[in-house]
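The lines below spell out each chain.
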Amino acid sequence: NMNKFLEKLGPLSGSEASRLPRDPVGMRQQLQEELEEVRARLQPYMAEAHELVGWNLEGLRQQLKPYTMNLMEQVALRMQELQEKLRVVGEDTKAQLLGGVGEARALLQELQSSVVHHTGRFKELFHPYAESLVSGIGHHVQELHRSVAPHAPVSPARLSRCVQVLSRKLTLKAKALHAGIQQNLDQLREELSRAFAGTGVEQGAGPDPEMLSEEVRQRLQAFRQDTYLQIAAFTRAIDQETEEVQQQLAPPPPGHSAFAPEFGQMDSDKALSKLQA
């Protein structure tokens, strides 16, 4: 059908431009009718391709979701452990903080060491999950490539470029997420270490255990909230990047303006190019 249609456009090309009919209005109307017929014939195929490409990209989003959920679960679990280890207010700890300068100083130094130890352990335990996300992106994007290839109405070279760009972008964002969480942990360690520095003890006045405990709780809560926001931003980035890929790979849905060009006063070469597109 398309070959027959293009045969009718022969007079539009090159040296034959002088053979254009003298009724440009009637010609435009005829071409619009021909294009409408072509669009009607293509509509089922393009709708199917659009749906299949979108379905595969949605599959990629669903495949990556467990990785981000694991990251959030690990943050919650490690924060709970850290909060238990650094719990200041208790009968024993309160007595130590209020009992004397020497006992308070010893307890605060112990808590400082605990902060360094447990934040370091957090980093070690969290690292495999971040690495798993990076490797998972590479694996699932390659799966996407294989599953979309039969349906994407673009050349294999363009499909390969789109997939490579998607993989590179998501990988860089995943590494940036990991680095951001590591930076948050370093900041948390510094803040908690300062909280347990015991300046009040050095000046001869023991710290208020209730205030100290509340400060620890707030620091941990702030870390958890910031980290959750970073993971949520990464999840939104996955949606955004896959949406962009879908626009590049899938044809516009039936009825899109691309299938009903207006020729107006354009010259013959431009008209032919637009009709072929």
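To keep things clear, this report deals only with the structure shown in the data block. Since we're looking at a predicted model, the values are computed, not measured.

### Focus on the overall build of the protein chain
Point 1. Helix and strand counts for the protein chain stand at 8 helices and 0 strands.
Point 2. The secondary structure elements of the protein chain, listed N-terminal to C-terminal, are α-α-α-α-α-α-α-α.
Point 3. Considering only contacts in the protein chain between residues 6 or more positions apart, those separated by 24 or more positions represent 84%.
Point 4. For the protein chain, the accessible area works out to roughly 16100 Å², and carbon and sulfur atoms hold 51% of it.

### Some thoughts on the environment of Leu188
Point 1. Residue placement: Leu188 occurs in helix H5 (residues 156–195).
Point 2. Taking C-alpha positions, Leu188 is 6.9 Å from Arg219, a pair spaced 31 residues apart along the chain.
Point 3. In this view, Leu188 contacts Met79, Leu82, Arg219, Leu220 and Phe223; residues no more than four positions away in its chain are not counted.

### Brief notes about the nonpolar core
Point 1. Grouped together as the largest cluster of nonpolar side chains are 46 residues, with contacts concentrated most on Met79, Leu86, Leu133, Ile137, Leu188, Phe196 and Leu249.
Point 2. In this structure, Leu86 is in contact with Leu111, Ser114, Val115, Leu192, Phe196 and Val216, ignoring residues within four places of it in sequence.

### Some points on the pattern of salt bridges
Where side chains of opposite charge bring their charged atoms close, a pairing between them can arise.
Point 1. Per the stated rule, a full pass over the model turns up 11 salt bridges.
Point 2. Residue Arg61 is joined to Asp239 by a salt bridge in which the shortest nitrogen-to-oxygen separation is 3.9 Å. Of this pair, Arg61 sits in helix H2 (residues 24–85) while Asp239 sits in helix H7 (residues 209–249), and the two are 178 residues apart along the sequence.
Point 3. A residue is classified by how much of its surface remains accessible, and Arg61, at 13% relative accessible area, is buried.
Point 4. A salt bridge links Lys123 to Asp186; the nearest nitrogen and oxygen atoms lie 2.6 Å apart. Taken together, the positions of Lys123 in helix H4 (residues 101–148) and Asp186 in helix H5 put the pair 63 residues apart, joining distant regions of the chain.

### So, the packing of aromatic side chains
Point 1. Scanning the model with the defined rule gives 2 aromatic pairs in all.
Point 2. Centroid distance Phe122 to Phe126: 5.9 Å. Interplanar angle 50 degrees. Geometry classified as tilted. Of the two residues, Phe122 and Phe126 are both situated in helix H4; the distance of 4 residues between them amounts to about one turn of the helix. Across this residue pair, the class does not change: Phe122 and Phe126 are buried.
Point 3. The interplanar angle of 85 degrees and the centroid separation of 5.8 Å between the aromatic rings of Phe122 and Phe223 together place this pair among those described as edge-to-face. With a gap of 101 residues between them, Phe122 in helix H4 and Phe223 in helix H7 connect regions that are remote in the sequence. One exposure class covers both Phe122 and Phe223, and it is buried.
Point 4. Aromatic ring contacts, followed pair by pair, group Phe122, Phe126 and Phe223 into a single cluster.

Quick notes on the rules
Residues numbered from 1 in each chain as written. Predicted model: local features only at pLDDT ≥ 70, side-chain atom pairs only at ≥ 80, totals over all residues. Heavy atoms only, no water. Helix = DSSP H or I, 4+ residues; strand = E, 2+ residues; numbered from the N terminus. Contact = heavy atoms within 4.5 Å. Areas by Shrake-Rupley, 256 points an atom, 1.4 Å probe, with all protein chains shown as cover. Core = buried A, V, L, I, M, F, W, Y, C linked by side-chain atoms within 4.5 Å. Buried < 20%, exposed > 50% of the residue type's maximum accessible area, 1.4 Å probe, protein only. Salt bridge = Lys/Arg side-chain N within 4 Å of Asp/Glu carboxyl O. Phe/Tyr/Trp six-rings, centres within 6.5 Å; stacked < 30°, edge-to-face > 60°.

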